[in-house]
Number of protein chains: 2
Amino acid sequence: MVDRADFVRKTVAMIEPIRRARTGERREQILAVALRLFGERGAGNVTTRQIAEAVGISQPSLYAHFASADAIAEELCVRSFDTLQARFAATAAEYPDPWQRVDMLGRAYIEFGIENPDMYRIAFMPTRESGPPPGMTFDLAAHDPGLAAGLRAFGSLRDTIAEIRGRDDAHVDVIAQAIWALVHGLTSLLISKPYFPWAEREALVEALLAMARSYLASQKAR
Amino acid sequence: MVDRADFVRKTVAMIEPIRRARTGERREQILAVALRLFGERGAGNVTTRQIAEAVGISQPSLYAHFASADAIAEELCVRSFDTLQARFAATAAEYPDPWQRVDMLGRAYIEFGIENPDMYRIAFMPTRESGPPPGMTFDLAAHDPGLAAGLRAFGSLRDTIAEIRGRDDAHVDVIAQAIWALVHGLTSLLISKPYFPWAEREALVEALLAMARSYLASQKAR
DNA sequence: ATTGATAGCCTATCATTGATAGGTCATCAC
DNA sequence: GTGATGACCTATCAATGATAGGCTATCAAT
């Protein structure tokens, strides 16, 4: 199987004139191919050899462009979450009412996760626990780019909660993190258990966001 | 490294009289060792050779007791969730008031996840999406024992919601699943992002459960 | 045009991993 | 005893991520 693919690649290389990709060009090509394969077979079922074959280069050549196999997934993940951030920014701009905005941010988040299950999985459902080695609690982002990208998006939610609760409220972080947990919970379950007999998705989303709303409302009344 | 461990095992085997474990005995021993190693290094960082070495047998011998490496983790996972079910049953018996019971079930769930991060990860944060092959939507449990075990526990929550909302309320499933998503969200995030600057855990738990409570209360008032 | 450096690519090869094949032998029921 | 069972072993696979070391297309500076 691999030998045959390798044979094809070599044969093509003999017939076609040798053309090398320009700096950065091949790198983008690898990312594009990897993204496609991730979508087709799931991120966990794609090997470096499959990527290399699809690109048309040898497997070790990948390492000239990326430090490791994970680095490829990581970069795709960061880029993917940058689009979430953009979506959040657009949503925030569209809904001046912070109450409505929280709702729409939550929906955008869940939607993003469902549309990009592989990227979401890499960022927030890692196999191994991520994070810096013990004793290094600073610079978390450098050790978990996926988290860093996700959190830039998370900022929009936190700002909106601050707008509702007042910027000085020490509870803002608690509420923002709780709402994050809430939307993450549904998103990750829908991704990891697609065959579960779920209730209608819209009803679930609405119920969860209603929980957040009624909590915020009850807190406001105090 | 492996050679040395192998040498030690062989030497011991030469000195000690050959003693074979009785049927079922070795199997339990393997599970116990695997559980310990999972806790020490994380479930994803334990290899079959490490387990075999710790048990004192050769790596292929594991396959006389388990069909695959995953099967070991799977069995531990099922057993682990059976303890959650027991905990749920005890909690349900202790709190006759369904409102209070929902609260305590949620707390028990989160606690369980934090105390058994590896088992929780295996059951609800799989690397690949679980489920039956396309076209086979029945008998989900047989294809995902971890989920099956978890859902037996989930039943307690659903029953409690039914007690609050009335058994005929079609919304019971939506609410129960939403609350499940809610507690799962916090649990999985605390497990996968332990280094994140979380707010105080108790405040987060309380905020999330308060969200569920105020939603249930607002629904009741209608 | 020549040259030197950069970088893209290759072949060969590792170590590690989960898993299988086939044989040996302790144990136990009869 | 004796045969069946099954626990165990050695040898060996194929697949995977990764590294070592060499070749050469490309391009800027001379």
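Residues numbered from 1 in each chain as written. Chains lettered and ligands numbered in written order. Predicted model: local features only at pLDDT ≥ 70, side-chain atom pairs only at ≥ 80, totals over all residues. Heavy atoms only, no water.

Our focus in this paragraph is the relation of the copies chain B and chain A. The transform that puts chain B on chain A rotates by 180° and translates by 0.0 Å along the axis, for an RMSD of 0.1 Å. This pairing of chains is accounted for by a two-fold axis. Across chain B, the smallest distance between a C-alpha and the rotation axis is recorded for B:Gly185, namely 1.7 Å. (Least-squares fit on C-alpha atoms with pLDDT ≥ 70 in both.)

What follows is about the interface of chain B and chain A. Each partner contributes residues to the interface: chain B has 46 residues there, and chain A has 46 residues. For the pair chain B and chain A, the summed buried surface comes to about 4400 Å²; carbon and sulfur atoms form 69% of the total. Considering only the surface of chain B that becomes buried against chain A, B:Lys193, B:Tyr195 and B:Met211 emerge as the three largest contributors, covering 17% of it. At the surface where chain B touches chain A, the tally comes to 0 salt bridges. Viewed at the interface, chain A and chain B are joined by 13 residue pairs in polar contact (both at pLDDT 80 or more). When residues of the side of chain B that touches chain A are traced back to their parent elements, those giving at least two are α6 (117-124), α8 (145-165), α9 (172-192) and α10 (201-221) of chain B. Here the side of chain B that touches chain A takes 15 residues from α9(B), the largest share from any one element. (Contact = heavy atoms within 4.5 Å. Buried area = accessible area lost by both parts, 1.4 Å probe. Salt bridge = Lys/Arg side-chain N within 4 Å of Asp/Glu carboxyl O. Polar contact = N/O pair within 3.5 Å; in protein donor to acceptor, adjacent residues only side chain to side chain. Helix = DSSP H or I, 4+ residues; strand = E, 2+ residues; numbered from the N terminus.)

Moving on, we get to the packing of helix α2 (residues 25-41) of chain A against helix α3 (residues 48-55) of chain A. All names here are of chain A. Interaxial distance between α2 and α3 falls to 9 Å at its minimum, and their mutual angle equals 120°. In terms of axis orientation, α2 runs oblique to α3. Crossing handedness for the pair α2 and α3: right-handed. Residue-level contacts link Arg-26, Gln-29, Ile-30, Val-33, Ala-34, Arg-36, Leu-37 and Arg-41 of α2 to Gln-50, Ile-51, Ala-54 and Val-55 of α3. (Axes fitted to C-alpha atoms, helices over the stretch in contact; angles between N-to-C directions. Parallel < 35°, antiparallel > 145°, perpendicular 65-115°, else oblique. Left-handed = near helix turned anticlockwise from the far one by under 90°.)

All names here are of chain A. Examined at the domain level, chain A breaks down into domain 1 (1-67) and domain 2 (70-222). Facing 13 residues of domain 1, the contacting portion of domain 2 comprises 9 residues. For the pairing of domain 1 and domain 2, the buried interface totals around 880 Å² over both sides, and the portion due to carbon and sulfur atoms is 73%. The largest per-residue losses of area from domain 1 upon contact with domain 2 belong to Leu-31, Phe-38 and Phe-66, which jointly make up 48% of the total buried on that side. Our count for the domain 1 to domain 2 interface comes out at 2 salt bridges. Its salt-bridge partner being Arg-79, residue Glu-28 comes within 2.9 Å of it at the nearest N-O pair. Taken together, the links from domain 1 to domain 2 amount to 3 residue pairs in polar contact (both at pLDDT 80 or more). When residues in the side of domain 1 that touches domain 2 are grouped by element, the largest group, 8 residues, is from α2. Residues that form the side of domain 1 that touches domain 2 fall into these classes: 9 nonpolar, 2 polar and 2 charged. (Domains from an automatic or database assignment. Nonpolar A, V, L, I, M, F, W, Y, C, P; charged D, E, K, R; others polar.)

A few words now on the packing of aromatic side chains. Aromatic rings considered in pairs are described by the distance between their centres and by the relative angle of their planes. Scanning the model with the defined rule gives 19 aromatic pairs over all chains in all. Seen in terms of ring centroids, B:Tyr120 and B:Phe124 are 5.2 Å apart; in terms of plane orientation they differ by 50°. Their pairing is tilted. Of the two residues, B:Tyr120 and B:Phe124 both sit in helix α6, 4 residues apart, roughly one turn of that helix. Ring geometry for B:Phe124 and B:Trp180: centres 5.6 Å apart, planes at 75°, overall edge-to-face. Of this pair, B:Phe124 sits in helix α6 while B:Trp180 sits in helix α9, and the two are 56 residues apart along the sequence. The pair B:Phe124 / B:Trp180 is uniform in exposure class, with both members buried. Cluster of aromatic residues (ring-pair linked, three or more members): A:Phe81, A:Tyr109, A:Phe112, A:Tyr120, A:Phe124, A:Phe154, A:Trp180, B:Phe196 and B:Trp198. (Phe/Tyr/Trp six-rings, centres within 6.5 Å; stacked < 30°, edge-to-face > 60°. Buried < 20%, exposed > 50% of the residue type's maximum accessible area, 1.4 Å probe, protein only.)

Time to look at the packing of helix α6 (residues 117-124) of chain A against helix α9 (residues 171-192) of chain A. All names here are of chain A. The N-to-C vectors of α6 and α9 enclose an angle of 125°; their axes lie 11 Å apart at closest approach. Put simply, α6 runs oblique to α9. Taken as a pair, α6 and α9 cross one another with a handedness that is left-handed. Within the contact between the two elements, α6 uses Pro-117, Tyr-120, Arg-121 and Phe-124 and α9 uses Trp-180, His-184, Thr-187, Ser-188 and Ile-191. Counted by class, the contact of α6 with α9 contains 5 nonpolar, 3 polar and 1 charged residues.

Here we take up the environment of A:Gly150. Residue and element names in this part refer to chain A. Looking at the secondary structure, you find Gly-150 in helix α8 (residues 145-165). C-alpha of Gly-150 to C-alpha of Tyr-120: the two residues are 30 residues apart in sequence and 9.2 Å apart in space. With residues near it in sequence (within four places) discarded, Gly-150 still touches Phe-81 and Phe-124.

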